[in-house]
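Summary of the model geometry
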Amino acid sequence: MLAWTGGAPMLQTAPLSTPHVEVDSNRAREFTNVRPFEEIPGHPGWPVLGNTIPMMATPVTFLENWYKKYGPISRTRSVGVDILLLLGPELNRLILLDPHEAISSRQGLSFYMDPFFKDGLVLLDFDEHKLHRGIMMSAFRKERLAEYLNLMNPVIDDHTDRWMQTRGGRPLDRRTFYFFPNFKHMALQIATRVFMGHELDANGDKLIKAFQDVVAASVAVVRKPIPGTAYYRGIKAREMLEDYFYSHIPEKRANPGHDLFSQLCIAEDDDGNTFTDEQIVNHMIFLMMAAHDTTTMTTTRVVYHLAKHLDWQEKVRQECRALETDFLTPDHVMDLPNLEMVIKEALRLCAPVPGLPRKTIKDLNIGGYFVPAGTQVQVDMRHTHYMDEYWDDPHEFRPERYAEGGIENKAHRYAWLPFGGGAHKCIGRHFGLYLIRAVVHQLTQKYRWHVRPGYKMPLKNPGLPMPADGFPVTFERL
Ligand code: HEM
């Protein structure tokens, strides 16, 4: 009952280096030399849950073993959804570039995102997506990013200073500091200021709470608006956020500030297209979600690696110190090559967005198999980032692998994809990287930090990965 074609050797598939997508609107018989979908190897796992539990417990190991057993193209099941799992950079490229507009992001993601993040940028397809992305780009230009950075720096300064305050007479450097929840709090305050242009006051706290309720509802198991459930709270919270954004649009349009919300209200593409009120509201709510956990987790992992590799922490500290500035400025963001390599390696070892769900909307030939329209497919960076075909010692933290001329950096354009690729490649990546650099810049100037010997961050993977223990770290004021 459970078996599909479990154990079929990967050699059955087309050679790994040459899978191809051939579009045809007709059915399987119209393709030349394709094998039926049913012959794709894989295993559905447990009823309903499928392979969710082992996949969530140890995703990298699970995927390494899975790949050895079933190869680059396989079928699995997760939370009741049958998925065609596509592993490796070449398949990543084919799915994400999607030259024939045969693969829908909206249909692949709506199960996970609707109704809380409806019509966010990643949920739009093809021409509609291109139009919206073109308008939104104006809020992510270099000059705008510089203004966001200027808004972030004082909030980072204030929070990281407060981390030093004593509690019960014990200085911070003598007690364990849980980095993840503290940083999350700071990131939410930054979102209030930089995204919404709102003051850090009691109303700002209500907005933060509403945002957290929306995120919690989006991953709730009970998916009906029954009073008392997380889902119900999420619906109410989304209504509150909508009311807030709608009511502030006229003022933001009339008198725009440097915050992202203002910039979306006045965003315009080269043809003069702008967003409607409804589009602004939907984009804002999605943007906050897209930015928050991803940036929080990346910063946490960077701080973690620097705590474990004190030589790298010192190198980063020295290059930050050499800038001779308390706050990182837009002119200097690119002047931190060691930090750059550490961030890249942190993103490889733990991609905050682990996989990219999509759905085929045309019949396809993928790697020699007939894949009908309507198939849920998934690209998975957790596996690609650890493939020893592309990475030497993939489980090791080795930032120098990205040093100029480092061969691994160029192994395959789709071997490193923490920000995705193709039309939906993260539009906020520079924003996120500005924030991460600004935080680490300030931290290295204020503190030295370490973890206890042998510490390894335990991860939980409820959707996106996060530290199961809050990441205890010891800071020492410089
Ligand atoms: C280190 C931090 C970040 C990581 C690792 C990350 C990762 C990603 C990934 C993998 C995607 C592609 C999703 C897909 O194709 O299904 C994506 C898309 C997106 N991200 Fe990020 N992201 C980060 C930070 C941010 C920030 C700070 C913002 C906003 C300020 C943001 C806004 C978006 C948006 C709007 C999209 C959709 C783009 C589109 O569909 O055209 N992200 N991100």
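Remember, predicted model here, so these are calculated numbers, not experimental data.

What follows concerns the pairing of strand E10 (residues 447–450). Across the two faces of E10 the burial differs, with Tyr-447 and Trp-449 buried and Arg-448 and His-450 not buried at all. Looking at chain direction, E10 and strand E13 (residues 472–477) are connected through 4 bridges and run antiparallel. If you follow Trp-449 over to E13, its bridge partner there is Phe-475.

Turning to the coordination of the iron atom of the ligand, a few remarks are in order. Just one protein atom coordinates the iron atom of the ligand, and that atom is Cys-426 (SG), at 2.3 Å. By secondary structure assignment, the location of Cys-426 is in the loop between helix H14 (381–384) and helix H15 (429–446).

Moving on, we come to the pattern of salt bridges. For the structure on display, the rule yields 23 salt bridges. For Arg-398, the salt bridge is made with Asp-393, and the minimal N-O distance between the two is 3.3 Å. Here Arg-398 falls in the partly exposed class, since its relative accessible area comes to 23%. Of the residues examined, Asp-393 reaches a relative accessible area of 46% and is grouped as partly exposed. A network of salt bridges, in which partner residues are shared, links Asp-157, Asp-161, Lys-446 and Arg-477.

Looking now at the domain arrangement of the protein chain. Many authors give the size of an interface as the accessible area that is lost as the parts come together. Entries for the protein chain in the domain assignment read domain 1 (1–117 + 354–417) and domain 2 (131–349 + 419–477). Together domain 1 and domain 2 conceal approximately 2800 Å² of surface at their shared face, both sides included; 65% is due to carbon and sulfur atoms. Interface area lost by domain 1 to domain 2 is led by Phe-116, Phe-117 and Phe-397, which between them contribute 34%. At the surface where domain 1 touches domain 2, the tally comes to 1 salt bridge. Note that Glu-345 is salt-bridged to Arg-401, the shortest N-O span being 3.0 Å. On inspection of domain 1 and its partner domain 2, the count reaches 12 residue pairs in polar contact (both at pLDDT 80 or more). Of all the secondary structure elements, the ones that give two or more residues to the side of domain 1 that touches domain 2 are helix H1 (52–57), helix H3 (89–97), helix H4 (105–113) and strand E6 (355–360). The dominant element in the side of domain 1 that touches domain 2, judged by the number of residues it contributes, is H4, at 4 residues.

Another aspect to go through is the sheet that holds strand E5 (residues 177–178). Read across the open sheet, the 3 strands follow the order E5-E13-E10; overall the sheet is antiparallel. At either end of the open sheet lies a strand with only one pairing partner, and these are E5 and E10. Here E5 runs beside E13; their pairing, made up of 2 bridges, is antiparallel. Note on E13: the bridge partner recorded for Phe-177 is Val-473. Packed on one face of the sheet, H15 meets E10 and E13 and runs near 95 degrees to E10.

Note on placement: Gln-263 falls in helix H10 (residues 260–265). Taking the relative accessible area as the measure of exposure, Gln-263 reaches 5% and is therefore buried. Apart from the residues lying within four places of it in its own chain, the contact partners of Gln-263 are Ala-139, Arg-144, Tyr-148, Gly-257 and His-258.

The residue His-129 is located in helix H5 (residues 126–136) in this model. Overall, the relative accessible area of 4% leaves His-129 in the buried class. Setting aside residues no more than four positions away along its own chain, His-129 makes contact with Leu-121, Leu-124, Ala-423 and His-424.

As a further point, take a nonpolar patch on the surface. On the surface, Trp-46, Leu-49 and Ile-53 cluster together into a nonpolar patch covering about 360 Å² of accessible area. Note that Leu-49 resides in the loop between strand E1 (21–23) and H1.

The next subject is the site of the ligand. Around the ligand, the structure places 29 residues, and the nearest of them are His-129, Arg-133, Arg-358, His-424 and Cys-426. Val-122 places a main-chain nitrogen or oxygen 3.4 Å from an oxygen atom of the ligand. The contact in question runs from an oxygen atom of the ligand to an N or O atom on the side chain of His-129, over 2.7 Å. Secondary structure elements with two or more residues in the shell around the ligand: H5, helix H11 (277–308), E6 and H15. Class assignment for the residues of the shell around the ligand results in 19 nonpolar, 8 polar and 2 charged. A domain split of the shell around the ligand shows at least three residues from each of domain 1 (1–117 + 354–417) and domain 2 (131–349 + 419–477).

Here the idea is plain: a probe the size of a water molecule rolls over the atoms and shows the empty space left. In this structure the tally under the stated criterion is 2 cavities of 30 Å³ or more. Around the largest cavity sit Ala-187, Ile-190, Ala-191, Phe-195, Phe-211, Met-288, Ala-291, His-292, Thr-295, Phe-431 and Leu-435, which together line it. Contributing elements (two or more residues each) for the lining of the largest cavity: helix H7 (179–195), H11 and H15. In terms of residue class, the lining of the largest cavity is built from 9 nonpolar, 2 polar and no charged. Along its surface, the second largest cavity is lined by Leu-188, Ala-191, Thr-192, Met-196, Leu-207, Ile-208, Phe-211 and Met-288. Only H7 and helix H8 (202–218) provide two or more residues apiece to the lining of the second largest cavity. Looking at the lining of the second largest cavity residue by residue, the class counts come to 7 nonpolar, 1 polar and no charged.

What counts as what
- Residues numbered from 1 in each chain as written.
- Predicted model: local features only at pLDDT ≥ 70, side-chain atom pairs only at ≥ 80, totals over all residues.
- Heavy atoms only, no water.
- Buried < 20%, exposed > 50% of the residue type's maximum accessible area, 1.4 Å probe, protein only.
- Helix = DSSP H or I, 4+ residues; strand = E, 2+ residues; numbered from the N terminus.
- Pairing = 2+ DSSP bridges.
- Donors = N, O, S within 2.8 Å, 3.2 Å for Na, K, Ca; no water.
- Salt bridge = Lys/Arg side-chain N within 4 Å of Asp/Glu carboxyl O.
- Domains from an automatic or database assignment.
- Buried area = accessible area lost by both parts, 1.4 Å probe.
- Polar contact = N/O pair within 3.5 Å; in protein donor to acceptor, adjacent residues only side chain to side chain.
- Contact = heavy atoms within 4.5 Å.
- Axes fitted to C-alpha atoms, helices over the stretch in contact; angles between N-to-C directions.
- Patch = residues over 30% accessible without salt bridge, like charges linked within 9 Å, V, L, I, M, F, W, Y side chains within 5 Å.
- Areas by Shrake-Rupley, 256 points an atom, 1.4 Å probe, with all protein chains shown as cover.
- Near = heavy atom within 4 Å.
- Nonpolar A, V, L, I, M, F, W, Y, C, P; charged D, E, K, R; others polar.
- 1 Å grid on protein atoms, 1.4 Å probe; cavity = no way out; pocket = protein on both sides within 12 Å on 5 of 7 lines; lining within 4 Å.
- Points joined across faces, edges and corners; volume = space filled by probe spheres on them.

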